[in-house]
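The primary structure of each chain is shown beneath.
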Amino acid sequence: LSFPEKLWKMLESDEFQSIWWSEGGKYVAINEKLFEEEVLGRERPLQVFATQKMKSFLRQLNFYGFTKVRRAFQRSASLPEFLAEEDAASAHSQILYYYNPAFNREHPHLLEKCKRG
């Protein structure tokens, strides 16, 4: 699977608590500290991505056209999103938000346009 496909599959899975769809599927929200432990800390054969470093993972997001977004939009409308954001905030973890117009939960057909730049 390509990087965007792995990311999509991860977001659609209930297996991970450190990454979720935000703003109704328009943004990818990542609890940085938890993501480093839960996803990047995995050893083979359970490893999801080829890296174990957050910096490398974020570089991959950038290569595929994702841009970091400042949290200026409204609080999440869905309860699970809201609770995840509240938990992360109360744990003093940083939540990172990334956006890519070709990466939208409501439009999976756009995923093929999510190419390495």
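By the naming in an unreviewed UniProt entry, the protein chain goes by HSFY1 protein and is assigned to Haliaeetus albicilla. Check the Sequence similarities (unreviewed entry) section of the UniProt entry for the protein chain; it says "Belongs to the HSF family." Per its UniProt entry, the protein chain bears the Subcellular location (unreviewed entry) comment "Nucleus".

Of the strand pairs in this sheet, strand β1 (residues 19-22) and strand β2 (residues 27-31) are connected by four bridges, and their pairing is antiparallel. Its bridge partner being in β2, tryptophan 21 is matched across the sheet by valine 28. Between β1 and the antiparallel strand that follows it, β2, lie four residues; glutamate 23 among them carries a positive phi value of about 50°.

Quick look at the sheet that holds β2 now. One open sheet accounts for four strands, arranged β1-β2-β4-β3; its pairing is antiparallel. Each edge of the open sheet carries a strand with a single partner, namely β1 and β3 (67-69). Neighbour-to-neighbour, the strand axes of the sheet open up by a mean angle of 35°, direction not taken into account. By the bridge criterion, five bridges tie β2 to strand β4 (residues 95-99) in an arrangement that is antiparallel. Paired with asparagine 31 across the bridge in β4 is isoleucine 95. Sheet strands touched by helix α2 (residues 32-40): β1, β2 and β4. Its angle to β2, the strand with the most contacts, is close to 80°.

Analysis parameters
Residues numbered from 1 in each chain as written. Predicted model: local features only at pLDDT ≥ 70, side-chain atom pairs only at ≥ 80, totals over all residues. Heavy atoms only, no water. UniProt positions renumbered as here; feature names shortened; annotations may be inferred. Pairing = 2+ DSSP bridges. Helix = DSSP H or I, 4+ residues; strand = E, 2+ residues; numbered from the N terminus. Axes fitted to C-alpha atoms, helices over the stretch in contact; angles between N-to-C directions. Contact = heavy atoms within 4.5 Å.

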